[in-house]
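Architecture at a glance
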Amino acid sequence: MFHCWSHKYLYQFSSAAIDQNIFVQYVNLNDLGSLQDITYDYLRLQKPKIAVFLDLNCNGSQSVIKQTSRINFFNQHYHWLVYDHFSNMNRFYETFKKVNLSVDTDMTYMLPREEQMNDKNSQVFIAFDVYSNGRLIGGQLNITSNYEVRCHPEGCYKSKYLSDLHKRSVSGNRESLRDVTMRVAVVVTRFDLKASPEDINKFLMTQADFHIDPLARLGFQVLILLRESLYTNVTYEYFDRWTDVEYTGGIVGSLVNETADLTSAPFFMTANRFRFLSAIAPTGDFRSVCMFRTPRNSGMHGGVFLEPFSTRVWILFGCILCLTAVFLWLAFYVEYHRLEDYVVSFMPSLLTAGLISFGSACAQSSFLIPRSWGGRVVFISLSLITFIMYNYYTSVVVSSLLGSPVKSKIKTLEQLANSDLEVGLEPLPYTYTYLNFSSNPDVQQFVRNKILVKKDIQSLWYSANEGIEKMRRKPGFVFVFETSTGYNLIERQYDAHEICGLNEILFRSDTLLATHLHKNSSYKEIVRLKIMRILETGVHSKHRRQWVRTHLNCLSSNFVINVGLEYMAPLFLMLVCGYGFAFVLLLLEMLWKRWESKGQRH
């Protein structure tokens, strides 16, 4: 309480405050020899809100007002009650029209009604709401009558409302900023900043070429909606980046040093930025990925022909075939030696029985069939089990090869860092920052294995168009890009079946982008309400769907599957090995026959 009252009136005031359990710190402006830094000394308390009473008729009140204006303490954290006993509104206006008031100023100017001043039993006061939309950017002093207060010896109460201010919230009463010109920092990374502001704005507002600067253009169009809802004028300052290092440079730096009131695009929330800025509402998202087409010459993948069955099943199946071969050989033996009703011209060997068993497993016919009932039951059982196994095996193999696009086994950033795939990156400011300052061990390993080993690091950087086109032409080339740009390009340039064959690895986790204002900005609550309104009405979602692609569409009808040599090579290799083994056996048989012939002649 800044006052210059006598002890009599001060005693009455303090007694009323004690009855209401209100703690008051009294500052007599007439008793202070020097008023230098008086406001800073008494008002810098770490409290959510402080009520300040100022008697405008004291000699030192002008000094208090000037100091408070200089250090910007006329804001939402202080509720000011300025009392003018002489009801001199002209003096009040001349005093406060040059004061640094803001749109969130919480000030009540109160004066007594003249016709009631001689009534000792009743006193009427008029309360005015006082604020400015921002004097530093053109705001004018706004004084609006609010309500009347009638006081009796028993207490005070609101007797009459003088306007409809009470029908709305404080922010609702001050949502129109027609008399100010807000400073906006605009980011545009893919356009010549030397061009005229009209050309830059036209680029940011046009619907053509979605893949060029989509985040900046989406943010600018949302800014236009915000500007129209605030009914304010704006001036633009253009930057080619969000920031240099976290909270300096670019649009972030201009917001931190308070040379801008708003930014055209949202950005990341970080711990260091929270020292200076406040996040208002999430209005965007960021996602960075590594994408590549599966290389078709990355070696043989014969495992697909063994995958239908586990190792245990393969072993059991082999044992069944061997056991069946033994039973068939026993059946032939019994028919040849024991059963006179069956005439068998020769006795097949155990190897021949094994060949029959293996041939049945390969869906081949047999030139020998047992004639006995027992032998035929064994042969039928063999045909049945091999029929079931063969059909299941072939269906699984075909579905594996032709059922979906061929995908790489590289699924994580760590696996990519340890692979021999070539890498390219889109030259984005936040990519530079992430590679240099990330504490993620996978990212650090990626930098060591894919970037630092290059003699010419500049050769790693490709524009979005170049990188995505090279990714299409060269399977196995990995391109790191931001999805809002890259997905648009891929949908424009790739065929449907090529999209289905892409592999995607998350380079940087999905991150929300938020609209920020300075920590001490007086527009935080108004901007928050306006942005929430834009989000609730769906207008923001409409623009976001137009500018930002969150996924690539791949339908089953788009699949065009080509089984490459890496899958068929094992089959051809088995065929070559079989022919080679047969040729070796033929040579051995010829040598054995010749040796037998020589032995008989001797």
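The following paragraphs examine the structure supplied in this document. (Residues numbered from 1 in each chain as written. Predicted model: local features only at pLDDT ≥ 70, side-chain atom pairs only at ≥ 80, totals over all residues. Heavy atoms only, no water.)

Counting secondary structure elements, the protein chain contains 20 helices and 15 strands. Compactness check: the protein chain gives a C-alpha radius of gyration of 43 Å against a globular reference of 25 Å for 602 residues, more than 25% above the reference. Projecting the C-alpha coordinates of the protein chain onto the three principal axes gives extents of approximately 155 × 55 × 40 Å. Taking the intrachain contacts of the protein chain between residues at least 6 apart in sequence as the baseline, contacts between residues at least 24 apart amount to 72%. Put simply, the protein chain shows about 33,900 Å² of open surface, and 56% of that area lies on carbon and sulfur atoms. Taken together, the 61 basic and 54 acidic charged side chains of the protein chain have centroids lying 4 Å from each other. (Helix = DSSP H or I, 4+ residues; strand = E, 2+ residues; numbered from the N terminus. Rg over C-alpha atoms; globule rule 2.2 N^0.38 Å. Contact = heavy atoms within 4.5 Å. Areas by Shrake-Rupley, 256 points an atom, 1.4 Å probe, with all protein chains shown as cover. Lys, Arg positive; Asp, Glu negative; His and termini not counted. Charge placed at Lys NZ, Arg CZ, Asp CG, Glu CD.)

Below, the discussion takes up the pattern of salt bridges. Inspection of every chain in the model, using the stated rule, returns 19 salt bridges. Between arginine 241 and aspartate 240 there is a salt bridge; the shortest N-O distance is 3.1 Å. A relative accessible area of 33% places arginine 241 in the partly exposed class. Residue classification places aspartate 240 among the partly exposed residues on the basis of a relative accessible area of 38%. With its nearest N and O atoms 2.9 Å apart, the salt bridge here joins arginine 472 to glutamate 498. (Salt bridge = Lys/Arg side-chain N within 4 Å of Asp/Glu carboxyl O. Buried < 20%, exposed > 50% of the residue type's maximum accessible area, 1.4 Å probe, protein only.)

Across the six residues of strand S3 (residues 50-55), five count as buried, placing the element largely inside the fold. Sheet topology places S3 next to strand S4 (residues 78-83); six bridges connect them, and they run parallel. Residue pairing in the sheet places isoleucine 50 in a bridge with tyrosine 78 of S4. For the crossover that starts at S3, traverses helix H3 (residues 61-70) and ends in the parallel S4, the hand is right-handed. (Pairing = 2+ DSSP bridges. Right-handed = clockwise from strand over helix to strand, strands pointing away.)

Attention now goes to the sheet that holds strand S12 (residues 277-293). Strand pairing in a sheet takes place through backbone hydrogen bonds and is either antiparallel or parallel in direction. An order of S13-S14-S12-S15 is seen for the four strands of this open sheet, with the pairing classed as mixed. Each having just a single partner strand, strand S13 (423-425) and strand S15 (502-518) make up the two edges of the open sheet. Looking at each pair of strands side by side, their axes are set apart by 20 degrees on average, direction ignored. Alignment of S12 against S15, held across 14 bridges, turns out to be antiparallel. Paired with glycine 284 across the strands is leucine 513, a residue of S15. Here helix H13 (residues 429-437) sits on the sheet and contacts S12, S13, strand S14 (478-482) and S15; the angle it forms with S15, its principal contact strand, is near 105 degrees. (Axes fitted to C-alpha atoms, helices over the stretch in contact; angles between N-to-C directions.)

So, on to helix H18 (residues 524-537). The terminal C-alpha atoms of H18 lie 20 Å apart, and with 14 residues this matches the ideal 20 Å at 1.5 Å per residue to within 8%. Within the sequence span of H18, burial applies to Lys524, Ile526, Val527, Lys530, Ile531 and Ile534. The buried residues of H18 occupy one face: seen down the axis, they fall within an arc of 165 degrees. Seen from the buried face of H18, the exposed residues on the opposite side, beyond 90 degrees, are Arg533 and Glu536. Against the buried residues of H18 lie helix H5 (170-173), helix H7 (214-230), strand S11 (262-263), S12, S15 and helix H19 (539-547). Glycine 538, located one to two residues past H18, shows a positive phi value of around 85 degrees. (Expected span 1.5 Å × (residues − 1). Arc of directions from axis to C-beta.)

Most of helix H16 (residues 483-493) is tucked away: eight of the 11 residues are buried. Taken as a whole, H16 has its buried residues at Thr483, Ser484, Thr485, Gly486, Tyr487, Asn488, Leu489 and Ile490.

Take the sheet that holds strand S9 (residues 181-187) next. Taking strand neighbours across the sheet as the criterion, the three strands line up as S10-S9-S11 in an open arrangement whose pairing is parallel. At either end of the open sheet lies a strand with only one pairing partner, and these are strand S10 (233-239) and S11. As defined by bridge partners, S9 adjoins S10 across seven bridges and the pair is classed as parallel. The residue bridging valine 184 from the neighbouring strand is tyrosine 236, located in S10. Packed on one face of the sheet, helix H6 (residues 197-205) meets S9 and S10 and runs near 90 degrees to S10. Where H7 meets the sheet, its contacts fall on S9, S10 and S11, and the angle it forms with S10 comes to roughly 165 degrees.

Glancing now at the side chain of serine 69. Among the structural elements, serine 69 can be located in helix H3. For serine 69, a relative accessible area of 14% puts it in the buried group. When neighbours within four sequence positions are excluded, serine 69 is seen to be in contact with Phe74, Val99 and Asn100.

In short, geometric facts, not functional conclusions.
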